[in-house]
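Understanding the architecture of this molecule
Each chain, written out:
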Amino acid sequence: TLVFVADAVVTHEMAAHRLRLRYLWHRSWCQGRSDRILEQLEGTTPEPGHVRQLLRSQLAHALKAEPKRPATAVAMLCDTARAGGYLWAARGPGSTRPWRRNRRR
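The following refers to the structure shown.

The rules behind these values
- Residues numbered from 1 in each chain as written.
- Predicted model: local features only at pLDDT ≥ 70, side-chain atom pairs only at ≥ 80, totals over all residues.
- Heavy atoms only, no water.
- Helix = DSSP H or I, 4+ residues; strand = E, 2+ residues; numbered from the N terminus.
- Buried < 20%, exposed > 50% of the residue type's maximum accessible area, 1.4 Å probe, protein only.
- Contact = heavy atoms within 4.5 Å.
- Phe/Tyr/Trp six-rings, centres within 6.5 Å; stacked < 30°, edge-to-face > 60°.
- Salt bridge = Lys/Arg side-chain N within 4 Å of Asp/Glu carboxyl O.

**Some thoughts on the side chain of Ser28**
- Take Ser28: it is sitting in helix α1 (residues 21-42).
- Overall, the relative accessible area of 13% leaves Ser28 in the buried class.
- Not counting residues up to four positions away in its chain, the partners in contact with Ser28 are Cys78, Ala81 and Arg82.

Structure, rendered in structure tokens:
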């Protein structure tokens, strides 16, 4: 049974590294990849231009809502990273991670 309590206070604790911009970007990128991989496993194919259309509408909505807030910029970054991860996963299973550079040993 679920009960709604209007005056309830909820505390959500998370590790400090999850508040960093790099973590949010990486998490969004991986979510986009997961979205695409799940679509491929389910056999669904989005319409051509689906990601561009979705990204445009999300960015337009964010800019219209409150364009000067830092949270808006972060949301736009995350939406862009998610779309990038989605498109990267469409390249196939052999795709490497673009955020990791080859390091010399």
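**Thoughts on the packing of aromatic side chains**
- Scanning all chains against the criterion turns up two aromatic pairs.
- Seen in terms of ring centroids, Trp25 and Trp29 are 5.4 Å apart; in terms of plane orientation they differ by 25°. Their pairing is stacked. On the criterion of helical spacing, the pair formed by Trp25 and Trp29 is a turn pair, its members being four residues apart in helix α1.
- Ring centres of Trp29 and Trp88 lie 6.2 Å apart, and the angle between their planes is 50°; this geometry places the pair in the tilted category. With Trp29 in helix α1 and Trp88 in helix α3 (residues 70-89), this residue pair connects regions lying 59 residues apart in the sequence.
- Its relative accessible area of 8% is what places Trp29 among the buried residues.
- Three or more aromatic residues joined by ring pairs make a cluster, and in this case those are Trp25, Trp29 and Trp88.

**Some details on the pattern of salt bridges**
- Within the structure shown, the criterion is met by two salt bridges.
- Across the pair Asp35 and Arg82 runs a salt bridge whose closest N-O atoms are separated by 2.7 Å. In this pair, Asp35 is assigned in helix α1 and Arg82 in helix α3, connecting sequence segments 47 residues apart.
- Arg36 is paired through a salt bridge with Glu39; the nearest N and O atoms lie 3.7 Å apart. Separated by three residues within a single helix, Arg36 and Glu39 lie in helix α1, roughly one turn from each other.
- Since its relative accessible area comes to 15%, Arg36 is described here as buried.

Such coordinate-based values are descriptive only and should not be taken to indicate function.
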